[in-house]
Amino acid sequence: MTRTFNADPFALEFNPVTTALVIIDMQRDFVEPGGFGEALGNDVSLVRSAIAPCEKVLKTARDAGMMVIHTREGHRADLTDCPPAKLTRGGKTFIGEKGPKGRILIRGEEGHDIIPELYPIAGEAVIDKPGKGAFYQTDLHLILQNHSIKTLIVCGVTTEVCVNTTVREANDRGYECIIPEDCVGSYFPEFQKYALEMIKAQGAIFGWVSHSEHIIDAIK
Ligand code: C5J
């Protein structure tokens, strides 16, 4: 049963059975006051605007029986999976250091967890990723292949970093990605704008951009 998403630069056909909702890194460290994102000097209210539309898309996907996948960026407590080059990034606050929500981007710490509003439920895979892209050193591709998934609705943070990296990785692996623009967030409004423009440029070079209302209308 083919359906159509209203999207830019043109409508995208999809089958709900071969479509998954992928929510990228909606973790306390990135989205909540007192986390890693804020420790880096960012205004988290700019990314929190994505929470309510994500909740609506998540509820619709769950009600429709669509596959839902969550990702978390983070590392082992001993940091053995963190490239030394990544450890030196941040400027002020570094991965593994103690933050207000526990050690920053360390698996099992409060800040690493997914925000309560979008918390995974039983049956939803949670992908722990050491990089920005959700395919790098994870079993995401295997899981998607096992379920014959072809289309990804990609939400989460941040638009220009982990969302964009994941969309590019997915595109190279043959998936069609659609990004509801109000369900992704950046600490930098200009990055939000251009990250979305880059995806849909040149006839959907990496994917399609849409809106939560169009996604919900098409899948409910
Ligand atoms: C960042 C992410 N921005 N999830 N991570 O470091 O986008």
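Residues numbered from 1 in each chain as written. Predicted model: local features only at pLDDT ≥ 70, side-chain atom pairs only at ≥ 80, totals over all residues.

(A) Quick look at helix 7 (residues 159-172). With 14 residues, helix 7 extends 18 Å from end C-alpha to end C-alpha; this agrees with the ideal 20 Å at 1.5 Å per step. Those residues of helix 7 not exposed but buried are Thr159, Glu160, Cys162, Val163, Asn164, Thr166, Val167, Glu169 and Ala170. Structurally, helix 7 contributes buried residues whose contacts are with strand 3 (19-24), strand 4 (67-73), strand 8 (151-157), strand 9 (176-180), strand 10 (184-185) and helix 8 (189-204). (Helix = DSSP H or I, 4+ residues; strand = E, 2+ residues; numbered from the N terminus. Expected span 1.5 Å × (residues − 1). Buried ≥ 20, exposed ≤ 12 C-beta atoms within 10 Å, placed from the backbone. Contact = placed C-beta atoms within 7 Å.)

(B) Highlighting the pairing of strand 8. Across the seven residues that make up strand 8, a large majority, seven, are buried. Residues Thr151, Ile153, Cys155 and Val157 line one face of strand 8 and the alternating positions Leu152, Val154 and Gly156 line the opposite face, and both faces are buried. Here strand 3 runs beside strand 8; their pairing, made up of six bridges, is parallel. Considered in strand 8, the bridge of Thr19 is made with Thr151. Alignment of strand 8 against strand 9, held across three bridges, turns out to be parallel. Note that in strand 9 the partner of Leu152 across the bridge is Cys177. Crossover connection from strand 8 via helix 7 to parallel strand 9: handedness right-handed. When strand 8 meets strand 10, the two strands line up parallel, connected through two bridges. Looking at strand 10, one finds that Val157 is bridged to Gly185. (Pairing = 2+ DSSP bridges. Right-handed = clockwise from strand over helix to strand, strands pointing away.)

(C) Broad picture of the site of the ligand. Inspection of the region around the ligand gives Asp25, Phe30, Glu73, Lys132, Val157, Thr158, Val161 and Cys162 as its neighbouring residues. Here the residues of the shell around the ligand are counted per class, giving four nonpolar, one polar and three charged. (Near = placed C-beta within 6 Å. Nonpolar A, V, L, I, M, F, W, Y, C, P; charged D, E, K, R; others polar.)

(D) Expanded view of the packing of helix 7 against helix 8. In the contact formed by helix 7 and helix 8, the axes pass within 10 Å of each other and the chain directions differ by 10°. Taken as axis vectors, helix 7 and helix 8 run roughly parallel relative to one another. The chirality of how helix 7 crosses helix 8 is right-handed. The residues of helix 8 that touch helix 7, namely those facing Thr159, Glu160, Asn164 and Val167, are Phe191, Gln192, Ala195, Leu196 and Ile199. For the contact of helix 7 with helix 8, the residue count by class is five nonpolar, three polar and one charged. (Axes fitted to C-alpha atoms, helices over the stretch in contact; angles between N-to-C directions. Parallel < 35°, antiparallel > 145°, perpendicular 65-115°, else oblique. Left-handed = near helix turned anticlockwise from the far one by under 90°.)

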